[in-house]
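These are the residues of each chain, in order.
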Amino acid sequence: MAGLAMNKHIAAALLSALALLAACNMGAGGHASGDSAVGELAGAKIGAPFTLTNQDGKPTRWDDFKGQWRIVYFGYTYCPDICPVDLQRIMQGFARFEKEKPKLAAKVQPMLISVDPQRDTPAVLKTYVAAFHPRLIGLTGTKDEIAKVAKDFVVIYSPEQQKGASEYLVSHSRTPYLFDPDGKPVALVPVDDPATADVDEGAPDKVQAFLDKWIK
């Protein structure tokens, strides 16, 4: 995904990992819990403390956001299709939520964590995240730092470069997570499922409704 169809081995490994973590509904934007007060990611071992570098070049820690809800999206700025569309819709939904419930929206921190640290420098991320919403932050790091964070957050990615080509895409799992103020995973933020052309699961109004449900 995100510029390339996800490698079958990556997809299989991701689904196996999540199956071991919790009984999670991995459909894009799907939520197995329905109207339950418990999200489909409750109890899953997703997330861990980290220190990365934000778009201003400053160290940023996972624990800096204690007490805040966190929307976490893994992607990269050179992604030609999926990532920018997902981020646009998520942040449009967040903007609608923010307009109607500014005090609650202030308790939410959206973030993009890059899976392409080679190209996604702080300066590149700064321009990119600003295009979606002023509250969206971008995080990058060394190759090893990103690899560890991806593992901790059950994200699988792989650079895919055609022979003889100078540019490359990054195949990665699509995991728009919502974490609670204690840093525990709650549910998957709605994103559109390409397999259902007649339904837009990731429409901004659905993202807004999702935030209305969880952010208290």
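Caption draft 1: Focus on the overall build of the chain. Helices and strands together make up the secondary structure of the chain, namely six helices and nine strands. Expressed as a percentage of its 216 residues, the buried residues of the chain come to 47%.

Caption draft 2: Molecular detail of the pattern of salt bridges. Under the defined criterion, the tally for this structure stands at nine salt bridges. For Asp212, the salt bridge is made with Lys101, and the minimal N-O distance between the two is 3.1 Å. With Asp212 in helix H6 (residues 204-214) and Lys101 in the loop between helix H2 (82-100) and helix H3 (102-105), the pair connects residues that are 111 residues apart, well separated along the chain. Taking relative accessible area as the criterion, Asp212 reaches 22% and is therefore assigned partly exposed. The exposure class of Lys101 is partly exposed, given its relative accessible area of 31%.

Caption draft 3: Structural context of the packing of H2 against H6. At a minimum axis separation of 7 Å, H2 and H6 run at an interaxial angle of 55°. Classified by the angle between their axes, H2 and H6 sit oblique to one another. Judged by the twist between their axes, the crossing of H2 over H6 is right-handed. For the pair H2 and H6, the contacting residues are Arg89, Ile90, Gln92, Gly93, Phe94, Arg96, Phe97 and Glu100 in the first and Pro204, Asp205, Val207, Gln208, Leu211 and Asp212 in the second. Taken together, the residues of the contact of H2 with H6 break down into six nonpolar, three polar and five charged.

Caption draft 4: Main features of the pairing of strand E1 (residues 51-54). The pairing of E1 with strand E2 (residues 59-61) spans three bridges and is antiparallel. Counterpart to Thr51 in the pairing with E2 is Arg61. Taken together, E1 and the strand that follows it, E2, pair antiparallel across an intervening segment of four residues, in which Gly57 is found at a positive phi of about 80°. Where E1 lies against strand E5 (residues 137-140), two bridges are found, and the strand directions are antiparallel. Looking across to E5, one finds that Thr53 is bridged to Thr140.

Caption draft 5: A look at the packing of aromatic side chains. Across all of its chains, the model carries eight aromatic pairs by this definition. Measuring from centroid to centroid gives 5.5 Å for Phe50 and Trp62, while their planes differ by 45°, and the two rings are tilted. Of this pair, Phe50 sits in the loop between helix H1 (8-21) and E1 while Trp62 sits in the loop between E2 and strand E3 (69-75), placing them 12 residues apart in sequence. Judged by relative accessible area, Trp62 falls into the buried class, the value being 4%. Relative to Phe153, the ring of Phe74 lies with its centre 5.8 Å away and its plane at 50°, an arrangement referred to as tilted. Taken together, the positions of Phe74 in strand E3 and Phe153 in the loop between helix H5 (143-152) and strand E6 (157-160) put the pair 79 residues apart, joining distant regions of the chain. The exposure class of Phe74 is buried, given its relative accessible area of 1%. A connected cluster of aromatic rings, assembled from ring pairs, spans Phe50, Trp62, Phe74, Phe153, Tyr177 and Phe179.

Caption draft 6: Spotlight on the side chain of Thr140. Secondary-structure assignment places Thr140 in strand E5. For Thr140, a relative accessible area of 4% puts it in the buried group. At a separation of 2.9 Å, a polar atom in the side chain of Thr140 contacts the main-chain carbonyl oxygen of Asp120. Apart from residues lying up to four places away in sequence, Thr140 is in contact with Leu52, Thr53, Ser114, Pro117, Asp120, Thr121, Pro122, Leu125 and Ile146.

Rules used throughout
Residues numbered from 1 in each chain as written. Predicted model: local features only at pLDDT ≥ 70, side-chain atom pairs only at ≥ 80, totals over all residues. Heavy atoms only, no water. Helix = DSSP H or I, 4+ residues; strand = E, 2+ residues; numbered from the N terminus. Buried < 20%, exposed > 50% of the residue type's maximum accessible area, 1.4 Å probe, protein only. Salt bridge = Lys/Arg side-chain N within 4 Å of Asp/Glu carboxyl O. Axes fitted to C-alpha atoms, helices over the stretch in contact; angles between N-to-C directions. Parallel < 35°, antiparallel > 145°, perpendicular 65-115°, else oblique. Left-handed = near helix turned anticlockwise from the far one by under 90°. Contact = heavy atoms within 4.5 Å. Nonpolar A, V, L, I, M, F, W, Y, C, P; charged D, E, K, R; others polar. Pairing = 2+ DSSP bridges. Phe/Tyr/Trp six-rings, centres within 6.5 Å; stacked < 30°, edge-to-face > 60°. Polar contact = N/O pair within 3.5 Å; in protein donor to acceptor, adjacent residues only side chain to side chain.

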